[in-house]
Amino acid sequence: MRKFETLTSWAATLPQPNIDTAQLIPARHLKTVKRDGLGRFAFEAARYDKKGESNPDFIFNQSPFDKAEILIAGANFGCGSSREHAVWALADLGIRAIISEQFADIFASNAPKNGMLLITLGRDEIAELMQRAKSKRVRINLPSQIVEIEDMQVKIPFEMDPFDKKCLLEGLDQIALTLRQNAEISTYEARWEKKTPWLFHD
Amino acid sequence: MADPQAKTLFDRIWENHVVGQRDAVTSLIYIDLHLIHELSSPQAFENLVLNNRKVRRPDATLAVPDHNVPTTDRDKPVKDPESALQIQLLEENTKAHGIEFFSMHDIRQGIVHIISPEQGLTQPGMSIVCGDSHTSTHGALGAWAFGIGTSEVEHVLATQTLVLRKPANMRITVKGELLNGITSKDLALHIIGVIGAKGATGHVIEYAGPVIEALSVEARMTLCNMTIEAGGRSGLVAPDDKTIRYLKGRPRAPKDGDWDKAVAFWATLKTDAGARFDKEVVVDAKKIEPQVTWGTSPEDVISISGRVPDPTHFENPERREAAKKALQYMGLKPGTLMRDILVDRVFIGSCTNSRIEDLRSAAKMIKGRRVADNIIEALVVPGSGLVKAQAEKEGLDKIFKEAGFEWREPGCSMCLGLNPDKVGPGERCASTSNRNFPGRQGPGARTHLLSPAMAAVAAIAGKLADVREYE
């Protein structure tokens, strides 16, 4: 997994709440058996018109935000289906960090497993960031857990799950980590099988 | 008074599944049942093989194709090459790893969240996951069940565990009683309207109170299914005598000596008096009328007797903007009576509402009536081969077909339009499914969520209609 430490980039803003995973990538593109190449479908309905031409009103079609690696979005971002394709599509579009007031649970669980940093901030902080991000780049420092506007005095600390932080900083493979606890899992299984034998079948 | 020793039902299930602590706030959690389907698993199996890893517990895993499968011509090969490949890969991957697979030609095939309870695999006190957000459905039997992404699917395949932070506890108590014609779908939509699409984010909801106790196990599944539309990854109902009666004798329910042991264990699965919930909501069921959505989020819901809301009346500026956009997408004008909205298609199906009780409730409305002429297509898609067989035994298929409905093979179908069953651009669908997001049922499709009985009367009227006028 790609490591995340610091990032300075233009930030695209999408203030509306409840941006669901079908808006991030429509279901018809889930019929792939691969993870890569999904960026062209990200925000498909908003990004292109009916003829498939770029919609100039959409922020990811506007310079310099077409190069944005940071997205600042309205609350309940990523609600709806569990599709990890939503994260894969955003990552393939170039997004490495998303800032919102609140993320949907499953999306919040999927993103860090793909090296994507999610930052939760308060409503007023988001409003200020959205305003300033129109003309300045945004800088994220994960080790010190700070979001700031480039060349400005605005410095916002953010909270972070310690395990997600460690995985992002070190680019850890979570499965390899858990497999190291194999003996512990076996001990648990023996205990649980004794209590609920009907859940084990060989 | 909150008792610090008292535990919620969810606290108990969580504690039973802690393998160990990862750090102060993160635990390694054991998973009892892993359900997989063709859409969210191919990349997980690919990585598993790439890293030379094995499936830890094939015996705790079941696979079924449901999202992509066509609902017609099951004797012919699947036409869409991408769908065909995903279905083929699911079969090959499960075979290679010794996982049980219900093929499209097996009568037990169906929507993953329908077939697991139907087989008796879903049981109280279990932890259940699936790469699908509507895994919350299984909570109806007192299981802690939640949707996961593909990375987590791979993690569970390899380790039978997940690394999780404990979600918060929320209780929704439903008092009073549901009035005539009101179903658990109306209750679910009403609750989402009250708490909002992110009202339960970060929480496990326990549904409690006299109305929940009075619901059938299948009706509880509809309610728990929609928990994710309120942001909650899982919803659950404490197991009771109904749960035990539902499970008894099902193919995968505990047998012989295990049955008594299991029943005794299930009896311990309840919330203590005085247990503390992080959030509590009380709903009065008597106030609930038949519900229908008007917008593009399940929280955009109103009674059938109501009118399309005026966005300028919303206080919150974001909600105002979102409502404006939603009405534009839906092609609706503020002030229009909901019952004046014409529909083009009707869909009865999905993991929310395709069980036998749902089909009975719709058929009761349809019997002896005809689908209106303006309806392009009215579909009934049973949730499983076994639901379909039961409905045919009861003659429900004839009632639907004589009225002008199409009677199809089981799968997710028009809920998300991955197979040929789609709603066309600008067309309006009265749907018993769970999401009215833009483009959910097809590009440009307009969805109105409602109960099976309400979908049935919409088909007859050719427009949104009030089920209470048809009984």
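All figures in this text were calculated on a predicted structure; none of them were measured in a lab.

### Regarding the overall build of chain B
And then number 1: Of the regular secondary structure elements, chain B holds 15 helices and 19 strands.
And then number 2: Relative to a compact globule of 471 residues, whose C-alpha radius of gyration would be 23 Å, chain B shows 22 Å and is just as compact.
And then number 3: Along the longest, intermediate and shortest principal axes, the C-alpha atoms of chain B span 60 × 55 × 45 Å.
And then number 4: Sorting the 471 residues of chain B into buried and exposed places 65% on the buried side.
And then number 5: Relative to all contacts within chain B whose residues are 6 or more apart in sequence, the contacts with residues 24 or more apart total 76%.
And then number 6: For chain B, the computed accessible surface area is about 16300 Å², with 51% contributed by carbon and sulfur atoms.

### A look at the overall build of chain A
And then number 1: A tally of helices and strands in chain A yields eight helices and eight strands.
And then number 2: With the C-alpha coordinates aligned to their principal axes, the bounding extent of chain A is approximately 60 × 45 × 25 Å.
And then number 3: For chain A, the proportion of its 202 residues judged to be buried stands at 57%.
And then number 4: Accessible area for chain A stands at about 8900 Å²; split by element, carbon and sulfur atoms hold 48% of it.
And then number 5: For chain A, the distance from the average position of its 27 positive side-chain charges to the average position of its 28 negative side-chain charges is 2 Å.

### As for the side chain of B:N16
And then number 1: Note that B:N16 resides in helix α1 (residues 9–16).
And then number 2: By relative accessible area, which is 17% here, B:N16 ends up buried.
And then number 3: Filtering out sequence-adjacent residues up to four positions away, B:N16 remains in contact with A:Y188, A:W192, A:K195 and B:F265.

### Remarks on the pattern of salt bridges
And then number 1: Across all of its chains, the model carries 43 salt bridges over all chains by this definition.
And then number 2: Here A:E148 makes a salt bridge to A:R139, at a shortest N to O gap of 3.6 Å.
And then number 3: When its relative accessible area of 13% is taken as the criterion, A:E148 is described as buried.
And then number 4: Between B:R408 and B:E406 there is a salt bridge; the shortest N-O distance is 2.8 Å.
And then number 5: Residue classification places B:R408 among the buried positions, given a relative accessible area of 8%.
And then number 6: Given a relative accessible area of 33%, B:E406 falls into the partly exposed group.

### Focus: the packing of aromatic side chains
Residue and element names in this part refer to chain A.
And then number 1: Under the defined criterion, the tally for this structure stands at 18 aromatic pairs over all chains.
And then number 2: Centroid distance F43 to F58: 5.5 Å. Interplanar angle 55 degrees. Geometry classified as tilted. On the criterion of sequence distance, the pair formed by F43 in the loop between α1 (21–24) and α2 (44–47) and F58 in the loop between α2 and β3 (70–73) is long-range, its members being 15 residues apart.
And then number 3: The class for F43 is buried, based on a relative accessible area of 3%.

### Comments concerning the pairing of strand β6 (residues 127–130) of chain B
All names here are of chain B.
And then number 1: Side chains of β6 alternate between two faces, with S127 and V129 and I128 and C130 buried alike.
And then number 2: The pairing of strand β3 (residues 33–36) with β6 spans three bridges and is parallel. Residue pairing across strands places H34 opposite V129, the latter belonging to β6.
And then number 3: Of the strand pairs in this sheet, β6 and strand β7 (residues 144–147) are connected by four bridges, and their pairing is parallel. Residue pairing for β7: S127 is matched across the bridge by W144.

### A closer look at the sheet that holds strand β4 (residues 97–100) of chain A
All names here are of chain A.
And then number 1: Read across the open sheet, the four strands follow the order β2-β3-β4-β5; overall the sheet is parallel. This sheet does not close on itself; its edge strands, each paired only once, are β2 (11–14) and β5 (117–120). Here the average twist between neighbouring strands, direction ignored, is 20 degrees.

### Things to note about the domain arrangement of chain A
And then number 1: Segmentation of chain A into domains returns domain 1 (6–170) and domain 2 (172–202).
And then number 2: Here domain 1 of chain A and domain 2 of chain A have C-alpha centroids that lie 35 Å from each other.

### Examining helix α13 (residues 385–393) of chain B
Residue and element names in this part refer to chain B.
And then number 1: Of the residues making up α13, those classed as buried are G385, V387, K388 and A391. End-on, the buried residues of α13 take up no more than an arc of 160 degrees, which puts them together on one face.
And then number 2: Residues of α13 that are buried sit in contact with α4 (112–119), α12 (356–366), α14 (396–403) and β17 (406–407).

### Overview of the nonpolar core
And then number 1: Membership of the largest hydrophobic core comes to 96 residues, with the highest contact counts inside it found for B:W144, B:I172, B:V174, B:L187, B:I191 and B:Y207.
And then number 2: If you look at the next biggest cluster of nonpolar residues, it comprises 85 residues, including A:F58, A:L90, B:I366 and B:A430.

### Side note on the interface of chain B and chain A
And then number 1: On the chain A side, the residues contacting the 73 residues of chain B number 60 residues.
And then number 2: Overall, the association of chain B and chain A removes approximately 5600 Å² of surface from exposure, summing both partners, and the carbon and sulfur fraction of that is 54%.
And then number 3: Applying the counting rule to chain B against chain A returns eight salt bridges.
And then number 4: A salt bridge links B:R53 to A:D173; the nearest nitrogen and oxygen atoms lie 3.0 Å apart.
And then number 5: Along the contact surface separating chain B from chain A lie 34 residue pairs in polar contact (both at pLDDT 80 or more).
And then number 6: Broken down by element, the residue count for the side of chain B that touches chain A peaks at seven residues, all from helix α5 (residues 150–159) of chain B.
And then number 7: Across the side of chain B that touches chain A, the residue classes tally to 25 nonpolar, 25 polar and 23 charged.

### A short note on the environment of B:E38
Residue and element names in this part refer to chain B.
And then number 1: Tracing the sequence through the fold places E38 in the loop between β3 and α2 (42–50).
And then number 2: Of the residues examined, E38 reaches a relative accessible area of 0% and is grouped as buried.
And then number 3: Note: C-alpha distance between E38 and Q88 (50 residues apart in sequence) is 8.5 Å.
And then number 4: Setting aside residues no more than four positions away along its own chain, E38 makes contact with V64, P65, D66, H67, N68, V69, Q86, I87 and L90.
And then number 5: Within the local environment of E38, its side chain forms a polar contact with the backbone nitrogen of D66, the two atoms lying 3.0 Å apart.
And then number 6: A distance of 2.6 Å separates the side chain of E38 from the backbone nitrogen of N68, its partner in a polar contact.

### What to know about the sheet that holds strand β11 (residues 234–236) of chain B
Residues and elements named next belong to chain B.
And then number 1: Overall, parallel pairing links the four strands, which are arranged β11-β10-β9-β12 in an open sheet. The sheet is open, and its two edges are formed by β11 and β12 (279–284), each paired on a single side. Ignoring which end each strand starts from, the neighbouring axes of this sheet average 20 degrees apart.
And then number 2: Sheet topology places strand β9 (residues 168–175) next to β12; six bridges connect them, and they run parallel. Bridging from a neighbouring strand, V174 pairs with V283 of β12.
And then number 3: The sheet strands contacting helix α6 (residues 184–195) are β9, β10 (203–208) and β12, and the helix crosses β9 at an angle near 125 degrees.

### Brief notes about the packing of α12(B) against α13(B)
Residue and element names in this part refer to chain B.
And then number 1: Where α12 meets α13, the closest approach of the two axes is 10 Å, and the angle between their N-to-C directions is 40 degrees. By the angle between their directions, the pair α12 and α13 is classed as oblique. Along this stretch, α12 crosses α13, giving a crossing that reads as right-handed. The segment α12 lies against α13, with I356, L359 and R360 engaging V387, Q390 and A391.

The rules behind these values
Residues numbered from 1 in each chain as written. Chains lettered and ligands numbered in written order. Predicted model: local features only at pLDDT ≥ 70, side-chain atom pairs only at ≥ 80, totals over all residues. Heavy atoms only, no water. Helix = DSSP H or I, 4+ residues; strand = E, 2+ residues; numbered from the N terminus. Rg over C-alpha atoms; globule rule 2.2 N^0.38 Å. Buried < 20%, exposed > 50% of the residue type's maximum accessible area, 1.4 Å probe, protein only. Contact = heavy atoms within 4.5 Å. Areas by Shrake-Rupley, 256 points an atom, 1.4 Å probe, with all protein chains shown as cover. Lys, Arg positive; Asp, Glu negative; His and termini not counted. Charge placed at Lys NZ, Arg CZ, Asp CG, Glu CD. Salt bridge = Lys/Arg side-chain N within 4 Å of Asp/Glu carboxyl O. Phe/Tyr/Trp six-rings, centres within 6.5 Å; stacked < 30°, edge-to-face > 60°. Pairing = 2+ DSSP bridges. Axes fitted to C-alpha atoms, helices over the stretch in contact; angles between N-to-C directions. Domains from an automatic or database assignment. Arc of directions from axis to C-beta. Core = buried A, V, L, I, M, F, W, Y, C linked by side-chain atoms within 4.5 Å. Buried area = accessible area lost by both parts, 1.4 Å probe. Polar contact = N/O pair within 3.5 Å; in protein donor to acceptor, adjacent residues only side chain to side chain. Nonpolar A, V, L, I, M, F, W, Y, C, P; charged D, E, K, R; others polar. Parallel < 35°, antiparallel > 145°, perpendicular 65-115°, else oblique. Left-handed = near helix turned anticlockwise from the far one by under 90°.

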